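Descriptive structure summary
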Amino acid sequence: MLARYARRFGGEGTIVSLADGRAFTAAHCVAAVDGCPGTVIVGPGGRQWRVRRRWSPRGRDLVWLEVVRPCPGHPASRNDTRLARPGSLRPGVEVVFHAHTGQRFVARRAVVVSVSASRAVADVRSPAGVADGDSGGPVLAGGRLAGIVIARLGAPRSAHASSRLVLTRLDLHGFC
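We now turn to the structure provided with this report.

Counting residues in each nonpolar core, the largest one holds 19 residues, and the members touching the most others are L89, V95, F97, A110, V139 and L165. Of all the secondary structure elements, the ones that give two or more residues to this core are β7 (94-100), β8 (105-115), β9 (119-124), β11 (138-141), β12 (144-156) and β13 (161-169). Formed by 16 residues, the second largest nonpolar core is a distinct cluster that contains F24, L140, L145 and I150.

Each pair of aromatic rings is reported with the distance of its centres and the angle of its planes. Scanning the entire structure with this criterion turns up zero aromatic pairs. Its end group placed over the ring of W55, R60 keeps NZ or CZ at 5.4 Å from the ring centre.

Notably, D61 is not glycine yet its phi reads approximately 55°, a positive angle. Look at D61 and you get buried, because its relative accessible area is 4%.

A separate point is the pattern of salt bridges. Following the criterion strictly, the structure yields five salt bridges and no others. The shortest N-O distance in the salt bridge between R109 and E94 comes to 3.3 Å. Of this pair, R109 sits in strand β8 while E94 is found in strand β7, placing the two residues 15 residues apart along the sequence. A salt bridge links D171 to R169; the shortest N-O distance between them is 2.8 Å.

The rules behind each value
Residues numbered from 1 in each chain as written. Predicted model: local features only at pLDDT ≥ 70, side-chain atom pairs only at ≥ 80, totals over all residues. Heavy atoms only, no water. Core = buried A, V, L, I, M, F, W, Y, C linked by side-chain atoms within 4.5 Å. Buried < 20%, exposed > 50% of the residue type's maximum accessible area, 1.4 Å probe, protein only. Helix = DSSP H or I, 4+ residues; strand = E, 2+ residues; numbered from the N terminus. Phe/Tyr/Trp six-rings, centres within 6.5 Å; stacked < 30°, edge-to-face > 60°. Lys NZ or Arg CZ within 6 Å of the ring centre and 35° of its normal. Salt bridge = Lys/Arg side-chain N within 4 Å of Asp/Glu carboxyl O.

As structure tokens, this is what we get:
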């Protein structure tokens, strides 16, 4: 389940909620004051998430949240998204990430070109590319959450979008 939320100091971010009540976003999408363990982030429709752990935006660039209050009318039981298996991200694997157009989420495809211990880079197949506003969004491998969008790089596709997606990996042993 995806949700957009207003950042404390401007802009928007995306939070990805899983069936088991865990949720994730990029650390740079949450102001330092909002990233403290125990802080409750409130989104549209009354959704709420509590910060469990925040890694540095310069390192892993990840916030692990837990759903406190799901959105009314969208029970958590309808959400079947789960974490990817360890090692799901490797060069040549096709992934799907969800970008936000300003009005809605759209699925775009990319192919992983490099992988490190905490990040991966993928070439975006869509002419629209990946934009700064896509941070915090999900990256799926085989229909499971394998990462979170944290940055864009590579050749520009427009003034605000690029050809390469950078993501924080969630497909690691002992993640949570």
